[in-house]
Structures are given as structure tokens and as C-alpha cells.
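Observations on the three-dimensional arrangement
Each chain, letter by letter, is given below.
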Amino acid sequence: MKKIKYSEVTPEKIYNNRRYFIKSLGLGVSSIAMTTLPLINDVKSDEENKLTSYKDITTYNNYYEFGTAKGDPYKHSQNFKTNPWNIVIDGEVEKPIQISMDEILETFVSEERIQRLRCVEGWSMVIPWMGFSLNQLLSKVTLTSKAKFVEFESVYDPEQMRGQKYPILQWPYREGLRIDEAMHPLTTVVTGLYGKKLPNQNGAPLRIFMPWKYGFKSAKAIVKIKLVEKMPTSSWMRASPREYGFYSNVNPNVDHPRWSQATERVIGNDIFAPRVKTLMFNGYGNEVASLYTGMDLKKYF
Amino acid sequence: MKKYYKPSIFFLSLIPFFVIIYKIYFNQLGPEPVKEITHHTGEWTLIFICLTLAMTPLKKLTNLNIWIQFRRMLGLFVFFYATIHLLTYVGIDYIFKWEPIFDDVFKKKYIYIGFSAWLLLIPLAITKSQKMMKLLKHNWKKIHRLIYVIAIFGALHYIWLSKTIFFKPLIFAVIIFVLLIFRLNFRKFNN
């Protein structure tokens, strides 16, 4: 079993300096401007935007396919096979395609995208993902006029994913977005983190990430992207429709029926650090609020 | 030999407390330390509830009275761990900010029922002594049957806070259910 040693990982200090280095060269300005934009946020102090450590990001995960404890995905995913890997894009498209992971990595340039993750359980991280916008991937197909929603299907392989042997959720894991959400530049196809290949426990080889939605919306190990006309039912909606809605936008004013969403704990902070206030759309309101103009977000939670 | 039983159980019952102190001191609590303390103390509260409830059935099954001597001490450990659990939530998690706490207690059913269970533990802890037992006579037994309600509340508290149907909360619920069923049967036999 190959385990990633902590010593193999770029130390975060050097990693952080690397970003200043790029900045000082005046290169990659566009990507930095775009990706750090939601982070340069007057409400959040620098301390709260500090990158979560590689260790915490890769050992503290919700990924029920590998077990329900936070440490399970790290423990039980190290032998998960991600090569070869193909992704099907079908449904309401002119011509369905199948695209290999190798081709995706060759065709699309992954850039660094530092984004905040807010889990529905009330904790958060700041993660330097590597990735590109989903709309780039979707440009490989021509959508029909009926393509109103996107459904993501994760891999189903109970032999390799022990959690799928239990009916904790309906397998394979399904998630979905409205087409305008899917086309939003912040909706990211993730291929790596901390400048490295995406670890298995974080959803390798390919996952999506929407920083303004609760973490569970961001499906991992995707094998199928289906364009559909009707709003898809996600695995969590099926498990408890009263508690998990289709949109699941981070919203401090709409509580989970059983617990508050007003505050969050920042992963990696010490034991006596207070909770921080959760921000509307996880702090990405300037970018995404317009998607929901006129919608009652209490009703469409 | 028998005189060592009680001190041994007392010491063993403190081990989960020392474990958490050790973990706090040596920073072994992982990425979400507050949750770790809350879960650890919560789980041990439930374990001690189960142990306390197991003493009467054990006495009946083995025909040994020794079990009853441990019951009160184990019950006090329920109160001990439940109190640390509550203090972690109030003091460390919400650093005594009463507004969100009141909001939680009255609006969130798992916190409401958990807090109720702790309140119900108070009369049991106060009336634990032999003196009180004599003073209250048969009422003492009635008061201490509150532990059945507390056990059910504790099991529900755990089930309701879980995101979906998880194995561990269900196991506690089943154990508590079985231990309570024992009571029903004994009542019938006794009558």
C-alpha cells in the first residue's frame, strides 16, 4: 500500500512563497486575479483565509464510499484504481462523447484555484485546488435546447469502495446543478490540490467543486455527466428530502432542520479558537448571487 | 478481594477522562478538536448509561448482589461524563455565547432532548446517597427510574444528530432497548 508521506509533500511555507514568487514575476496574473478574487474579501481576515494544511485536507474527509468516519477515506482509498478512467458526457447533447482522463489532462490546463469549502456539518477549509471551469469541459459537446440541468454520477465499484456495500446512501452517488450554475466559471473541475495530483480520498481522478455550495454537492470520482431536462434527484435529496435540497447553497440564515448553519469551525484552528460566522454563499455572493435573483432561498434550500 | 472491586471500577471509569486530558495536552485530537472532545465524552456518557442499566439484569441473571454495589458509582459517572459533554458544548464550542446556545436548545430537537436528559440527571445525582434513599423511601426508586427516560433521550440525541442512518447510534439504541425490555419482563415475573 502506497501511502503519501508528509515529507513528500511540498511544505506549505514554500508553497505559499511560490505564489508570491509567481505574483512578483507578474506572470499568471489573470489566473491569480480570478481565483483569489473571492478570497480577497473584506469580511474575512487573513487568518481565516489561511490555507488548510495538506495533512488536514487529505485526512479529514467525508466520502462515504470509503466509510463514514472522517479518517476512513484516507485509510481505505489508497489502493483505489483511477487509471484507466473514462468520463461519459451524454443526455441532452447533439452527440454523446466518452473522454479519457488522459485526454482531459492534455486538453485542459489546470490552474490553481484557492477556494473555501464549507461542509453542511459546520466546518470549513481553504483548499488550493488545481482545476479548470466545467464550462470548458462542456464545450466539448453541443447542448440541445432541452439541456436544463446537469447530473453528475460518481463511480460504482463496491469491490474497491467498501462503503458502497452498505445502503448508507443510494449508490452510485448522484449530484446535480442547474445549467447556469454548471456554466458559472467558479464551478470547477478539480484534478489536483497543493500543486499535486488529486489524492484518492479527495475524489480522484476527477471531481467537481462549487465553493458557494455545501461540500456534499461537489461529487467525487465522476464517471458520467448527463445533461437532462428535469431537475435530477441527488443521493442526499433521496436520503432526506426535508433536510437536503437541490440547491444547497451555503446560507447562514437557513438552518439545517436539525442544526444551525450560522457559524462554522475552521479546520486546523486550535481548540480554543472561536467559531466564525458563516457567510452567505460562503463569501462568493458577488460572483453567484445573480444566479438566484428573485428566488426564495428558504424555499429553494 | 471484594474490597478492591469498587476502587478498581472507579479507576477504570476515569480512564476515558484521562485519555481526553492526555489528548488535549499532547495535541492528539486531530483537525476538529472540539468535536472530538464532544463526541468522546458523549459516547462515554452513553456507555455508562448502558453499564448502569446492565447491573440489575446482571444481578438477576447471576444471582449475585455485588452488581448493585457498582450501580450507583456507574450512575454518577453518567452524570460526570454528561456534564463534561455539556460543558464542552457550552464553554469550548460556544464559549458561553448564550444566544446561539438558547437558540439551539429550543429549536434543535437533538440538543433539546440532550439537554433535557442532563437536567433529568440532576435529581438522580442529588439523591444518590444512602441517606436520601432512607429519607425518600419508595419514592427513591420512582425517582431513579428516570434513568430509563434518560437512556431513551440519550439514544435519540445520538440518532438525531447523525447525518444519516449510522451504525453506532443504532447499536446504542438497540442495547438500551434490550436493557429496558429486561425491566418489563422482571416486573411481570415479580407480580
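Residues numbered from 1 in each chain as written. Chains lettered and ligands numbered in written order. Predicted model: local features only at pLDDT ≥ 70, side-chain atom pairs only at ≥ 80, totals over all residues.

What follows concerns the overall build of chain A. Secondary structure assignment for chain A yields nine helices and 12 strands. For chain A, the proportion of its 301 residues judged to be buried stands at 41%. For chain A, contacts bridging at least 24 residues in sequence account for 69% of all contacts bridging at least 6. (Helix = DSSP H or I, 4+ residues; strand = E, 2+ residues; numbered from the N terminus. Buried ≥ 20, exposed ≤ 12 C-beta atoms within 10 Å, placed from the backbone. Contact = placed C-beta atoms within 7 Å.)

Within chain B, the regular secondary structure consists of nine helices and zero strands. Going from the N terminus to the C terminus, chain B shows its helices and strands as α-α-α-α-α-α-α-α-α. Against the 2.2 N^0.38 benchmark of 16 Å for 191 residues, chain B shows a C-alpha radius of gyration of 18 Å, consistent with a compact globule. Structurally, chain B occupies a C-alpha span of about 50 × 40 × 35 Å along its principal axes. Here chain B holds 191 residues, and 29% of them are scored as buried. (Rg over C-alpha atoms; globule rule 2.2 N^0.38 Å.)

Our next topic: the pairing of strand 1 (residues 86–91) of chain A. Residues and elements named next belong to chain A. Here strand 1 runs beside strand 2 (residues 97–100); their pairing, made up of four bridges, is antiparallel. In the strand pairing of strand 2, I89 is matched with I97. Joining the antiparallel neighbours strand 1 and strand 2 is a turn of five residues. Pairing between strand 1 and strand 10 (residues 222–228): four bridges, direction parallel. Residue pairing across strands places D90 opposite K226, the latter belonging to strand 10. (Pairing = 2+ DSSP bridges.)

What follows concerns the interface of chain B and chain A. Interface size is commonly expressed as the accessible surface area that is lost when the partners come together. Between chain B and chain A, the contact holds 19 residues from the first and 18 residues from the second. Looking at the side of chain B that touches chain A, the elements that each hand over two or more residues are helix 2 (33–62), helix 4 (98–107), helix 5 (109–126) and helix 8 (146–161) of chain B. Broken down by element, the side of chain B that touches chain A gets its largest block of residues, three residues, from helix 4 of chain B. Along the lines of polarity and charge, the residues of the side of chain B that touches chain A split into 12 nonpolar, one polar and six charged. (Nonpolar A, V, L, I, M, F, W, Y, C, P; charged D, E, K, R; others polar.)

Pairing between strand 4 (residues 123–133) of chain A and strand 11 (residues 263–266) of chain A: two bridges, direction parallel. Pairing of A:S124 across the sheet is with A:V266, part of strand 11 of chain A.

On to the environment of B:I176. Residues and elements named next belong to chain B. When you line up the elements, I176 lands in helix 9 (residues 167–190). By the C-beta count within 10 Å, which is 21 here, I176 ends up buried. Those residues within four positions of I176 in sequence are excluded, and the remaining contacts are C50, L53, A151, I152 and A155.

What follows is about helix 1 (residues 5–25) of chain B. All names here are of chain B. The end-to-end C-alpha separation of helix 1 is 30 Å, in line with the 30 Å expected for 21 residues at 1.5 Å each. For helix 1, the principal kink sits at I15 and spans about 35°; a proline, P16, occurs within the next four residues. Those residues of helix 1 that fall on the buried side of the exposure criterion are S13, P16 and I20. The inward-facing, buried residues of helix 1 contact helix 2 and helix 3 (66–93). (Expected span 1.5 Å × (residues − 1). Bend = angle between axes of the 7 residues up to and from the residue.)

Turning next to the confidence of the model for chain B. Looking at chain B as a whole, the pLDDT averages 92, with 96% of positions reaching at least 70. Reported for the predicted complex are a pTM of 0.86 and an ipTM of 0.86. (pLDDT = per-residue confidence, 0-100.)

All names here are of chain B. Running from N to C, helix 4 and helix 5 point in directions that differ by 90°, and their axes come no closer than 5 Å. In this view, helix 4 runs roughly perpendicular relative to helix 5, as classed from their interaxial angle. Here helix 4 contributes D104, V105 and F106 to the contact with helix 5, which in turn contributes I111, Y112 and F115. The residue makeup of the contact of helix 4 with helix 5, split by class, is five nonpolar, no polar and one charged. (Axes fitted to C-alpha atoms, helices over the stretch in contact; angles between N-to-C directions. Parallel < 35°, antiparallel > 145°, perpendicular 65-115°, else oblique.)

This part takes up the nonpolar core. Counting 58 residues, the largest nonpolar core has A:I127, A:V150, A:V190, A:L193, A:I208, A:W212 and A:I222 as the members making the most contacts within it. Among the elements of the structure, helix 3 (54–59), strand 4, helix 6 (134–138), strand 5 (149–154), strand 7 (188–193), strand 9 (207–209), strand 10 and helix 8 (235–239) of chain A are those that each provide at least two residues to this core. Here the element with the most residues in this core is strand 4 of chain A; it accounts for six residues. Membership of the second largest hydrophobic core comes to 31 residues, among which are B:L121, B:L124, B:I150 and B:A151. (Core = buried A, V, L, I, M, F, W, Y, C linked by C-beta atoms within 7 Å.)

On to the packing of helix 3 of chain B against helix 5 of chain B. Residue and element names in this part refer to chain B. As a packed pair, helix 3 and helix 5 sit with axes 10 Å apart at the nearest point and diverge in direction by 140°. Considering their axes alone, helix 3 and helix 5 lie oblique with respect to each other. Two packed elements cross with a definite hand, and for helix 3 against helix 5 that hand is left-handed. Between helix 3 and helix 5, the contacting residues are G75, L76, V78, F79, A82 and L86 on the first element and W118, L121, L124 and A125 on the second. (Left-handed = near helix turned anticlockwise from the far one by under 90°.)

Turning to the sheet that holds strand 2 of chain A, a few remarks are in order. All names here are of chain A. Spatial ordering of the open sheet is given by 2-1-10-5-6, a layout of five strands whose pairing is mixed. The outermost strands of the open sheet, each flanked by one partner alone, are strand 2 and strand 6 (174–178). Averaged over neighbouring strand pairs, the angle between their axes works out to 20° when direction is ignored.

Before going further, it helps to spend a moment on the confidence of the model for chain A. All names here are of chain A. With 84% of its residues at a pLDDT of 70 or more, chain A has an overall mean of 88. Counted against residues more than four places away or in other chains, residues 1–9, with its pLDDT under 50, gives nine contacts. Contacts of residues 20–43 to residues separated by more than four positions or lying in other chains number 20 contacts, the stretch itself having pLDDT below 50.

Let us now look at unusual backbone geometry. Residue A:P84 follows A:N83 across a cis peptide bond; omega there is 0°. With respect to the helices and strands, the residue A:P84 is situated in the loop between helix 4 (72–76) and strand 1. Phi is positive for A:A221, which is not a glycine, with a value near 40°. The topology assignment puts A:A221 in the loop between strand 9 and strand 10. Look at B:F96: it is not a glycine, yet its phi comes out positive at around 60°. Within the secondary structure layout, B:F96 lies in the loop between helix 3 and helix 4.

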